[in-house]
Amino acid sequence: DVQGGVQIKRTYPDALAILVLPPQADALRERLAKRGTESDEEAERRLDKAQREIATARQAGCYDLEVINDRLEPAIERVIEWVEARRKQV
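Residues numbered from 1 in each chain as written. Predicted model: local features only at pLDDT ≥ 70, side-chain atom pairs only at ≥ 80, totals over all residues. Heavy atoms only, no water.

A few points about the overall build of the protein
- Assigned secondary structure in the protein consists of 4 helices and 2 strands.
- The helix and strand sequence of the protein, counted from the amino end, reads α-β-α-α-β-α.
- Based on the C-alpha atoms only, the size of the protein along its principal axes is roughly 45 × 30 × 20 Å.
- Out of the 90 residues belonging to the protein, those deemed buried represent 24%.
- Partitioning the intrachain contacts of the protein with sequence separation of at least 6 by distance along the chain shows that 63% fall at a separation of at least 24.
- Accessible surface, the protein as shown: approximately 6900 Å² in total, 48% of it carbon and sulfur. (Helix = DSSP H or I, 4+ residues; strand = E, 2+ residues; numbered from the N terminus. Buried < 20%, exposed > 50% of the residue type's maximum accessible area, 1.4 Å probe, protein only. Contact = heavy atoms within 4.5 Å. Areas by Shrake-Rupley, 256 points an atom, 1.4 Å probe, with all protein chains shown as cover.)

Laid out in structure tokens, this is it:
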């Protein structure tokens, strides 16, 4: 939740805030469709909400890292690298 992330960062400015993003809107749409847990209308509402949250998160400027989750393993590796680098700074 973007608002929660913003609040945490304001309360704990030294926290490492990571924004995990889909590779693009079409990929998110495809992922939602593959799940088959929502109607097309519900999926579109979720997609619209996700796009608004991404814009809000970027505007807030409080995330230290954006990770594009196009492939799970490389995304995880990137997060681990950032966390380890941050530990060395502290």
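Let us keep going from here.
What to know about the pattern of salt bridges
- Overall, the coordinates contain 8 salt bridges when judged by the stated rule.
- Here arginine 29 makes a salt bridge to aspartate 26, at a shortest N to O gap of 3.2 Å. Here arginine 29 and its partner aspartate 26 are both found in helix α2 (residues 25-35), 3 residues apart, which amounts to about one turn of the helix.
- Note that glutamate 30 is salt-bridged to lysine 34, the shortest N-O span being 3.3 Å. Here glutamate 30 pairs with lysine 34, and both are found in helix α2, just 4 residues apart, close to one helical turn. (Salt bridge = Lys/Arg side-chain N within 4 Å of Asp/Glu carboxyl O.)

Structural notes on a negative patch on the surface
- Together, Glu73, Glu77, Glu81 and Glu84 give the surface a local cluster of negative charge.
- One can find glutamate 84 in helix α4 (residues 72-89). (Patch = residues over 30% accessible without salt bridge, like charges linked within 9 Å, V, L, I, M, F, W, Y side chains within 5 Å. Lys, Arg positive; Asp, Glu negative; His and termini not counted. Charge placed at Lys NZ, Arg CZ, Asp CG, Glu CD.)

Topic: α2
- Looking only at α2, the buried set comprises Ala27, Leu28 and Leu32. Looking straight down α2, one finds that the buried residues subtend no more than 135 degrees of arc, so they occupy a single side. Residues of α2 that are exposed and point over 90 degrees away from its buried face: Asp26, Ala33 and Lys34.
- Its buried side turned inward, α2 meets α3 (40-60).
- Residue glycine 36 follows α2 closely and has a positive phi angle near 65 degrees. (Arc of directions from axis to C-beta.)

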